[in-house]
Amino acid sequence: MSSPIVITGMGMISPLGCGVNTVWGRLISGRSGIGSITRFDSGDLPIKIAGLVPGKDTDRDAGFDPDQVADAKERRKLDLFSLYALAAAKEALTQARWFPQDDAERRATATIIGSGIGGFPTITQAQDTLTQRGHRRLSPFTVPAFLANMAASNVSIRYGFRGPLGCPVTACAAGVQAIGDGMRMLRSGEAQVALVGGAEACVDPLSLAGFHALKALSTEQDHPEKASRPFDRTRSGFVMGEGAGLMVIETLEHAEARGATPLAVISGYGTSADAYHITSGPEDGAGAADAIQAALRMAGLTPGDIDYINAHATSTPVGDRAEIASLQRVFGEALGDIPISSTKSATGHLLGAAGGVESIFTALSTIHDRLPPTLNFTHADEGMQDLDFVPDVGRERTTRHALCNGFGFGGVNAALIISKLA
């Protein structure tokens, strides 16, 4: 029997702040990381709110400090999503105590960091420069900054990781798929350790305008912290967020051999395609259900073994309903007995980084036997009245096995099961 795959390190940059322990404490206590956009002038855009990573100027305890990640000269070569990934990687690698000192260990380390869009602000800023100042004023680092694989690449370069390098660019499933890809590499022997997850930083006028054209974003302004309302029939769309969530994974055998501390087990993974529509999944949730069932098979579990579900739920009617339909296909009437929460109610939707961040939240639920709440939940959507969405207040619950979902445009579905250490 192959050795279980375990998490030995976790790192996070999020709208709730930076650092896994701090963010978890804020999440469990019911805090929101969503606020008014202050990074740029949104002009006549109807979108005025987002889940922005706080800076040291607004969050002295857990704000993001780019000077601690890279000096000013290096930052000219990096888009913000790469900076977030570098910061999350440092935290995860430090907890895992994985800083290879020889070529064999460097070649044995995979770096798989997904992103839905990559360096989108670099692209839009370069277009502005081209239009207003001409091609001669473009930075030679424009292209190396915006490529979606550059979060993984910059982390690999900084730490000398010479194993497989990858970047699923699968919309909002990218973070979960990066973890699944890392699992496969450990199982196949391509790598012995993998740094996996997602990074995203594309809160930008053009991206906001584009998603608004799809009628996907909330246009609420007066109470930003209440705008993300997954599963609530009064919801008005998702709130865009940003950040990075990365974890170090390896086999239990490898972790024990080097004296690392296993935190939780990644027991199952599944992925599938809807083959249905470019932005919407089928109403019956069949494709997502396929991914969840594949994850259960890999884990050797039955639906009745799942104690908690961290839903993908973004706070859009079509997406939330399709996900619940998928869960009903898998769990049947027993779904009413399984707590379900959407942590996007507190962070907004981090797109390609969502799966990395939410997988860490899911792991922490199994480690601490605590369930994060779904904020702003007051009126259950039609057909969901009998479900337990952990409304507004987190709770204690023994959590042996937890499911984390990630779904994306194009019909991509991914599901991860994280289990408590035996």
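Everything here concerns the structure above.
Description of the structure in this document. What you are looking at is a predicted structure, and each value in this text was computed from that prediction instead of being measured.

## Digging into the overall build of the chain
- Helices and strands together make up the secondary structure of the chain, namely 14 helices and 15 strands.
- For 422 residues, the compact-globule estimate of 2.2 N^0.38 gives 22 Å, and the C-alpha radius of gyration of the chain, at 20 Å, lies within 12% of that figure.
- Taken along its principal axes, the extent of the C-alpha atoms in the chain is 65 × 55 × 45 Å.
- Evaluated residue by residue, the chain yields a buried proportion of 60% over its 422 residues.
- Of all intrachain contacts in the chain linking residues separated by at least 6 positions in sequence, the fraction that spans at least 24 positions is 79%.
- For the chain, the exposed area adds up to about 16,700 Å²; of that, 50% sits on carbon and sulfur atoms.
- Side chains of the chain give 36 positive and 45 negative charges; the mean places of these two sets differ by 6 Å.

## Observations concerning helix H1 (residues 20-28)
- All of the buried residues along H1 are Val20, Val23, Trp24, Arg26, Leu27 and Ile28.
- Where H1 is buried, its residues touch strand S1 (5-14), strand S2 (17-18), helix H3 (80-96), helix H13 (344-347), helix H14 (354-368) and strand S12 (370-371).
- At the exit of H1 stands Gly30, carrying a positive phi of roughly 90°.

## Details of the pattern of salt bridges
- Taken as a whole and judged by the stated rule, the model has 18 salt bridges.
- Note that Arg400 and Asp307 form a salt bridge whose closest N and O atoms lie 3.0 Å from each other. Remark: Asp307 occurs in the loop between helix H11 (286-299) and strand S10 (308-310) and Arg400 occurs in the loop between strand S13 (395-396) and strand S14 (401-408); sequence separation between them is 93 residues.
- Residue Asp307 is classed as buried on the basis of its relative accessible area, which comes to 7%.
- A salt bridge links Glu396 to Arg370; its shortest N-O distance comes to 4.0 Å. Here Arg370 lies in strand S12 and Glu396 lies in strand S13, a separation of 26 residues in the sequence.
- On the basis of relative accessible area, Glu396 is assigned to the exposed category, the value being 64%.

## With respect to the packing of aromatic side chains
- What the rule picks out here adds up to eight aromatic pairs.
- With a centroid separation of 5.6 Å and an interplanar angle of 20°, the aromatic rings of Tyr159 and Phe161 are classed as stacked.
- Between Phe377 and Phe389, the aromatic rings sit 5.2 Å apart at their centres with planes inclined by 55°, giving tilted as the arrangement. With Phe377 in the loop between S12 and S13 and Phe389 in the loop between S12 and S13, the pair connects residues that are twelve residues apart, well separated along the chain. For the pair Phe377 and Phe389, a shared accessibility class is recorded, and that class is buried.
- Among the aromatic residues, those joined into a ring-pair cluster are Phe99, Tyr159 and Phe161.

## Regarding the nonpolar core
- Ranked by internal contacts, the top residues of the largest apolar core, which has 42 residues, are Ile7, Met10, Met247, Ile249, Ile266 and Leu416.
- Not counting residues up to four positions away in its chain, the partners in contact with Ile266 are Ile5, Ile7, Ile179, Met183, Met247, Ile249, Leu416 and Ile417.
- Counting residues in hydrophobic clusters, the runner-up holds 33 residues, among them Cys18, Ala92, Ala151 and Leu195.

## Comments concerning the side chain of Ser365
- Positionally, Ser365 belongs in helix H14.
- Take Ser365: its relative accessible area is 0%, and that puts it in the buried class.
- Excluding residues that lie within four positions of it along the chain, Ser365 makes contacts with Trp24, Tyr308, Arg370, Leu371, Pro372 and Thr399.

## Thoughts on H14
- With 15 residues, H14 extends 21 Å between its outermost C-alpha atoms, agreeing within 8% with the 21 Å of an ideal straight helix rising 1.5 Å per residue.
- For H14, the buried fraction is high: 13 of the 15 residues fall into the buried class.

## Some thoughts on the packing of helix H8 (residues 174-188) against H14
- Two elements in contact, H8 and H14, have axes separated by 5 Å at closest approach and are oriented at 70°. Between H8 and H14, the angle is such that the two are roughly perpendicular. Between H8 and H14, the contacting residues are Gly175, Val176 and Ile179 on the first element and Gly355, Gly356 and Ser359 on the second.

How each quantity is defined
- Residues numbered from 1 in each chain as written.
- Predicted model: local features only at pLDDT ≥ 70, side-chain atom pairs only at ≥ 80, totals over all residues.
- Heavy atoms only, no water.
- Helix = DSSP H or I, 4+ residues; strand = E, 2+ residues; numbered from the N terminus.
- Rg over C-alpha atoms; globule rule 2.2 N^0.38 Å.
- Buried < 20%, exposed > 50% of the residue type's maximum accessible area, 1.4 Å probe, protein only.
- Contact = heavy atoms within 4.5 Å.
- Areas by Shrake-Rupley, 256 points an atom, 1.4 Å probe, with all protein chains shown as cover.
- Lys, Arg positive; Asp, Glu negative; His and termini not counted.
- Charge placed at Lys NZ, Arg CZ, Asp CG, Glu CD.
- Salt bridge = Lys/Arg side-chain N within 4 Å of Asp/Glu carboxyl O.
- Phe/Tyr/Trp six-rings, centres within 6.5 Å; stacked < 30°, edge-to-face > 60°.
- Core = buried A, V, L, I, M, F, W, Y, C linked by side-chain atoms within 4.5 Å.
- Expected span 1.5 Å × (residues − 1).
- Axes fitted to C-alpha atoms, helices over the stretch in contact; angles between N-to-C directions.
- Parallel < 35°, antiparallel > 145°, perpendicular 65-115°, else oblique.

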